[in-house]
Amino acid sequence: MNTTQTILENSKQSILSQSESIAKLTQYLTEDFAKTVQLIFESKGRLVVTGIGKSAIIAQKIVATLNSTGTPSIFLHAAEAIHGDLGMIQNGDLVLCISKSGNSPEIKVLAPIIKNFGTTLIGMTANPSSFLATSSDLVLLAHVDDESCPLGLAPTNSTTAQLVLGDAIAVCLMKLRNFQAEDFAKYHPGGALGKKLLLRVKDMLDATHAPQVAPNASIKKVIMEISEKRLGVTAVVENDNVIGIITDGDIRRMLTDRDSFSDLTAQDIMTKNPKSIASTVLVSEALDVLEDNKITQLMVIDNGTYKGVLHLHDILKEGIV
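A short tour of the structure in this document, coming up. (Residues numbered from 1 in each chain as written. Predicted model: local features only at pLDDT ≥ 70, side-chain atom pairs only at ≥ 80, totals over all residues. Heavy atoms only, no water.)

What about the sheet that holds strand 12 (residues 305-311)?
A sheet is described by the order of its strands in space; here three strands give the open sequence 10-11-12, paired in mixed fashion. The sheet is open, and its two borders are formed by strand 10 (276-277) and strand 12, each paired with just one other strand. Relative to strand 11 (residues 297-302), strand 10 is paired through two bridges, and the arrangement is parallel. Its bridge partner being in strand 11, S276 is matched across the sheet by M299. Contacting strand 10, strand 11 and strand 12, helix 14 (residues 283-293) crosses the sheet at an angle of about 130 degrees to strand 11. (Pairing = 2+ DSSP bridges. Helix = DSSP H or I, 4+ residues; strand = E, 2+ residues; numbered from the N terminus. Contact = heavy atoms within 4.5 Å. Axes fitted to C-alpha atoms, helices over the stretch in contact; angles between N-to-C directions.)

Digging into the sheet that holds strand 9 (residues 271-272)
The four strands are arranged 6-7-8-9 in an open sheet whose pairing can be described as mixed. Each end of this open sheet is capped by a strand with a single partner; those strands are strand 6 (212-213) and strand 9. Alignment of strand 6 against strand 7 (residues 233-238), held across two bridges, turns out to be parallel. Bridge pairing in strand 7 links V213 to V236. Against the sheet, helix 12 (residues 248-257) makes contact with strand 8 (241-247) and strand 9, and its axis sits at roughly 60 degrees relative to strand 8, the strand it touches most.

Considering helix 5 (residues 105-116)
Counted at 1.5 Å a residue, the expected span for helix 5 with its 12 residues is 16 Å, and the 18 Å between its end C-alpha atoms agrees. Those residues of helix 5 that fall on the buried side of the exposure criterion are I107, L110, A111 and I114. For helix 5, the angular spread of the buried residues around the axis is 105 degrees, confining them to a single face. Exposed side chains of helix 5 directed beyond 90 degrees from the buried face belong to P105 and N116. Note on helix 5: the residue one or two positions beyond its end, G118, has a positive phi of about 80 degrees. (Expected span 1.5 Å × (residues − 1). Buried < 20%, exposed > 50% of the residue type's maximum accessible area, 1.4 Å probe, protein only. Arc of directions from axis to C-beta.)

Some details on the pairing of strand 3 (residues 94-98)
Across the five residues of strand 3, five count as buried, placing the element largely inside the fold. Here strand 1 (residues 47-51) pairs with strand 3 via five bridges, running parallel. Bridge pairing links G51 to I98 in strand 3. As paired elements, strand 3 and strand 4 (residues 121-125) share four bridges and run parallel to each other. Counterpart to I98 in the pairing with strand 4 is M124. Handedness of the strand 3-helix 5-strand 4 crossover: right-handed. (Right-handed = clockwise from strand over helix to strand, strands pointing away.)

Topic: the pattern of salt bridges
Under the counting rule described, the total for this entry stands at nine salt bridges. The salt bridge involving D248 is made with R252; its shortest N-O contact spans 4.0 Å. One end of the pair is D248 and the other is R252, both in helix 12 and four residues apart, which spans about a single turn. For D248, a relative accessible area of 34% corresponds to the partly exposed category. (Salt bridge = Lys/Arg side-chain N within 4 Å of Asp/Glu carboxyl O.)

What to know about the side chain of T71
Tracing the sequence through the fold places T71 in the loop between helix 3 (54-68) and strand 2 (73-77). A relative accessible area of 3% means that T71 is categorised as buried. If sequence neighbours within four positions are ignored, T71 has contacts with I40, L66, L173 and R177.

In structure tokens, the structure reads:
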């Protein structure tokens, strides 16, 4: 095989090795896993996740996932814990300690101290006979038959197994809490995701530039209003009610069809019953309306009161799409 083929073959073997290890994890799930999830769910404190080496990196990812899905969690490095950081653990907290071997020197020092605090210790390890496993109140077995590393030394399958168990805990907790997209948005207010789940039409509506003309307004007035407000559209308003809409496309079609428009008014070229939306609606929902109707503007109307125009370009600028 050439170099490219060799690399691809090695990568496939690594991926298959890890996927097979993960599939076997279901065989090692016990009541301790269910008890762990229930304890975390019922806890009034936080989940402190600790580890050493590569397991510490996995611990940080698990903490990030739990925090973003509604479970207060903090990371505690096992080495730093025994040099002063144990003060991070508060009454009511639970501790999840992650270690493949369960026998590293730092873990052997840390586990008894945590137990002396009266804190519930949950051990996640690949070795059910390890010091960590025998010292823990509950044991999550992250067993793998081997590593995909050709030397069998670098943590590969084992750290993936730890990560998957952490994700399983997070998913179970989300289901217990009936965690919804709205809840997820509270913890992700920034970026496109947060905007998609949180931003409402009123949050981006410029009410000071709400184009409108009267039904009897001249075509010149209509063109000036559309040009001045720069939204490519104007509402036709009568007695505070939107009765129609005129777009720049309507203006172009009128100019194409007629040599003169001095006898026309806004109501002669408007489209009646324009698509509209309330200002309290999520921008993501407004985008769906725009796409479903193949239009670029929506009238924003609250309880019959005209508020302005939502334009597709404004949504695109927010990066929601």
